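As a plain string of letters, each chain reads:
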Amino acid sequence: GSSSSGGPLGGGQPHAVGGGAGGGVALVFGSVVWLRRRCWRTFVACRKQRATQSMERQLRTFTRRMLQSPVLLWLFYVHVLMLWFLEGWRQAVSQTLPMDPTGTVISQADVSVAAPVSLPPMPLLGSTPHV
């Protein structure tokens, strides 16, 4: 890996890359790369913590036991299906919020579809447009 300032979690700042018209795109791309590296370094540092390693061992032990016992495996599958069912049911019965942006987008789309569109006729290939 590359060394950067800011301590063990790879602090530092994203670097501005390029300039001119494409500078904004380059800046966003540079920021995304910086953020990805920072997140990866934080993840690696987190996995080195004693509490994280202990939790990971317990989860691996549980997974091994579940795979060795068909009853536990089926209970796990039923539990996951129940969670999916409950979340689907929750979303089906929930009311939309007044500030939900989806309603604005749908109403604007309905208005634009209802509005008549008058476009000039397209010229045929090889013909010159009339001025």
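About the thresholds
- Going along each chain's sequence as written, the residues are numbered from 1 onward.
- pLDDT decides what is reported in this predicted model: residues at 70 or higher carry local features, side-chain atom pairs at 80 or more are listed and counted, and totals for whole chains, interfaces and linings draw on all residues regardless.
- Excluded from the side-chain calculation are hydrogens and water; included are all heavy atoms of the structure.
- The helix count covers DSSP runs of H or I at least four residues long, the strand count covers runs of E at least two residues long, and both are numbered beginning at the N terminus.
- A 1.4 Å probe rolled over the protein chains alone gives each residue an accessible area, and that area as a share of the maximum for its type sets the label: buried under 20%, exposed over 50%, partly exposed in between.
- Contacts are assigned to residue pairs with any non-hydrogen atoms lying within 4.5 Å of each other.
- Here the accessible surface of atoms and residues is derived via Shrake-Rupley with a 1.4 Å probe, and residues count as covered only by protein chains that are part of the display.
- Salt-bridge detection follows one rule: a side-chain nitrogen of Lys or Arg within 4 Å of a carboxyl oxygen of Asp or Glu.
- Pairing of aromatic rings covers Phe, Tyr and Trp, the last through its six-membered ring, and needs centres within 6.5 Å; plane angles under 30 degrees mean stacked, over 60 mean edge-to-face, and all others mean tilted.
- As a per-residue quantity, pLDDT reports the predictor's confidence and falls between 0 and 100.
- Only residues whose relative accessible area exceeds 30% and that form no salt bridge enter a patch; like-charged residues are grouped when within 9 Å of one another, and nonpolar side chains (Val, Leu, Ile, Met, Phe, Trp, Tyr) when within 5 Å.

A. Structural context of the overall build of the protein. Summing up its helical and strand segments, the protein has 4 helices and 0 strands in all. Looking at the protein as a whole, 6% of its 131 residues are labelled buried. In the protein, of all internal contacts separated by at least 6 residues, the share reaching a separation of at least 24 is 27%. Here the protein displays about 12000 Å² of accessible surface, and carbon together with sulfur accounts for 68% of that area.

B. Just the pattern of salt bridges, in detail. All chains considered together, the criterion is met by 3 salt bridges. With its nearest N and O atoms 2.8 Å apart, the salt bridge here joins R47 to E56. As a salt-bridge pair, E87 and R90 come within 2.7 Å of each other at their nearest N and O atoms. One end of the pair, E87, and the other, R90, are both in helix 3 (residues 70-93), 3 residues apart, so they sit about a helical turn from each other. When salt bridges that share partners are traced, they join R47, E56 and R60 into one network.

C. View of the packing of aromatic side chains. Going through the model one piece at a time under the given rule, you end up with 3 aromatic pairs. Between W40 and F43, the ring centres sit 5.5 Å apart and the planes meet at 40 degrees, which makes this aromatic pair tilted. With W40 and F43 both in helix 1 (residues 23-47) and 3 residues apart, the pair spans about one turn of that helix. Seen from their ring centres, W74 and Y77 are 5.9 Å apart, and the 90 degrees between their planes marks the pair as edge-to-face. One end of the pair, W74, and the other, Y77, are both in helix 3, 3 residues apart, so they sit about a helical turn from each other. Among the residues examined, W74 registers a relative accessible area of 59% and is labelled exposed. On the basis of relative accessible area, Y77 is assigned to the partly exposed category, the value being 40%. Ring pairs connect the aromatic residues W74, F76 and Y77, which therefore count as one cluster.

D. Representation of the confidence of the model for the protein within the structure. On average, residues of the protein score 81 in pLDDT, and 78% of them reach the 70 mark or higher. Every residue in residues 1-8 is under pLDDT 50, and counting partners more than four places away or in other chains gives 9 contacts.

E. Spotlight on a nonpolar patch on the surface. Taken together, the side chains of V78, M82, F85, L86, W89 and V93 present a nonpolar region at the surface, about 620 Å² in accessible area. With respect to the helices and strands, the residue F85 is situated in helix 3. A residue is classified by how much of its surface remains accessible, and F85, at 54% relative accessible area, is exposed.

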